[in-house]
Amino acid sequence: MCAAVCSVLCLASCAGLDVTAYRDEKPALDLRQYFNGKIDAWGMFQDRSGKVIKRFHVVIDARWQGDKGTLDERFSYSDGSTQQRIWTLVRQPDGNYIGTAADVVGEARGELSGNALRWRYVMALPVDGKVYNVDFDDWMYLMDDKIMLNRSVMSKFGVRLGEVTLSFSKP
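Residues numbered from 1 in each chain as written. Predicted model: local features only at pLDDT ≥ 70, side-chain atom pairs only at ≥ 80, totals over all residues. Heavy atoms only, no water.

**Q** How should I be thinking about the overall build of the chain in this particular structure?
**A** In terms of helices and strands, the chain carries 2 helices and 10 strands. Counted from the first residue to the last, the chain has its helices and strands arranged as α-α-β-β-β-β-β-β-β-β-β-β. For 171 residues, the compact-globule estimate of 2.2 N^0.38 gives 16 Å, and the chain sits close to it at 17 Å. With respect to the three principal axes, the spread of C-alpha positions in the chain is 55 × 40 × 30 Å. Scored against the burial criterion, the 171 residues of the chain give a buried share of 37%. Considering only intrachain contacts with a sequence separation of at least 6, the fraction spanning at least 24 residues in the chain is 36%. Entry remark: accessible area of the chain is about 10,100 Å², with carbon and sulfur atoms responsible for 56%. If you average the places of the 22 positive and of the 22 negative side-chain charges in the chain, the two averages end up 3 Å apart. (Helix = DSSP H or I, 4+ residues; strand = E, 2+ residues; numbered from the N terminus. Rg over C-alpha atoms; globule rule 2.2 N^0.38 Å. Buried < 20%, exposed > 50% of the residue type's maximum accessible area, 1.4 Å probe, protein only. Contact = heavy atoms within 4.5 Å. Areas by Shrake-Rupley, 256 points an atom, 1.4 Å probe, with all protein chains shown as cover. Lys, Arg positive; Asp, Glu negative; His and termini not counted. Charge placed at Lys NZ, Arg CZ, Asp CG, Glu CD.)

**Q** Please explain the packing of aromatic side chains as it appears in this structure.
**A** Note on aromatic pairs: each is described by the distance of the centres and the angle between the planes. All told, the structure shown has 12 aromatic pairs when counted by the stated rule. Ring centres of Tyr34 and Phe35 lie 5.3 Å apart, and the angle between their planes is 85°; this geometry places the pair in the edge-to-face category. Here Tyr34 and Phe35 have matching classes, each one buried. Ring geometry for Trp87 against Tyr121: centres 5.5 Å apart, planes inclined by 80°, an arrangement best described as edge-to-face. Taken together, the residues span a long stretch of sequence, with Trp87 in strand β4 (residues 82-91) and Tyr121 in strand β7 (residues 116-127) at a distance of 34 residues. An aromatic cluster is built from Trp87, Trp119, Tyr121 and Phe136, whose rings are joined through pairwise contacts. Lying across the ring of Tyr77, Lys54 places its NZ or CZ 4.8 Å from the centre. Taking NZ or CZ as reference, Lys156 lies 4.8 Å from the ring centre of Phe157, over its face. (Phe/Tyr/Trp six-rings, centres within 6.5 Å; stacked < 30°, edge-to-face > 60°. Lys NZ or Arg CZ within 6 Å of the ring centre and 35° of its normal.)

**Q** Teacher, can you tell me more about the pairing of strand β10 (residues 159-169) here?
**A** On a regular strand, each side chain points to the face opposite its neighbour's, so the side chains alternate between the two faces of the sheet. Where strand β1 (residues 37-47) and β10 come together, 8 bridges link them in antiparallel fashion. Across the sheet, Trp42 pairs through a bridge with Ser167, a residue of β10. Bridge count for strand β9 (residues 147-156) against β10 is 10 bridges, and the pairing is antiparallel. The partner of Val153 across the bridge, within β10, is Glu163. (Pairing = 2+ DSSP bridges.)

**Q** Explanation requested: the side chain of Asp72 in the structure shown.
**A** When you line up the elements, Asp72 lands in strand β3 (residues 68-77). Judged by its relative accessible area of 16%, Asp72 is buried. A polar atom in the side chain of Asp72 sits 3.3 Å from the side chain of Arg74. Among all residues touching Asp72, those that are not within four sequence positions of it are Val59, Ile60, Asp61, Gln84, Arg85 and Ile86. (Polar contact = N/O pair within 3.5 Å; in protein donor to acceptor, adjacent residues only side chain to side chain.)

**Q** What is the right way to read the sheet that holds β9 from this model?
**A** Paired through backbone hydrogen bonds, the strands of a sheet run either parallel or antiparallel to each other. Strand order in this closed barrel of 10 strands is β1-β2-β3-β4-β5-β6-β7-β8-β9-β10, and the pairing throughout is antiparallel. Shown here is a sheet whose adjacent strand axes are inclined to one another by a mean of 25°, direction ignored. (Axes fitted to C-alpha atoms, helices over the stretch in contact; angles between N-to-C directions.)

In structure tokens, the structure reads:
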């Protein structure tokens, strides 16, 4: 009996959380409203042991024309390196989003419910002269009209590689 219960719990935990669990959470997240104008974010990458590998600051210039948005992200890393990523987001008729960027393989899929957004995508990450396609399971939570928290789990072949944590702030 105990083994059966453990098996069911294990399978349930593998299924993951559905974004609709947040449908009643407030304030409701409207990406077009939050990601509009200048946004600052501070974050860190931790390896699977929890060690902070890299810290960063991001300045985001976000603009929308109807249901199509552009997020121009400029990263400054703790090691002195910089990076730019330009996202194109498109709101779908069901209220969810599709996103593309130069280093995203295919399309990012965003599910929105209540105060939460779940992005799932594959990113081409350069590491030591090689490029690896890494899965991102990215969760964003709107705290109020100025602050949003973001936690991403990175994995490859189902093996957890590390996490990215960000705090977004609007002026």
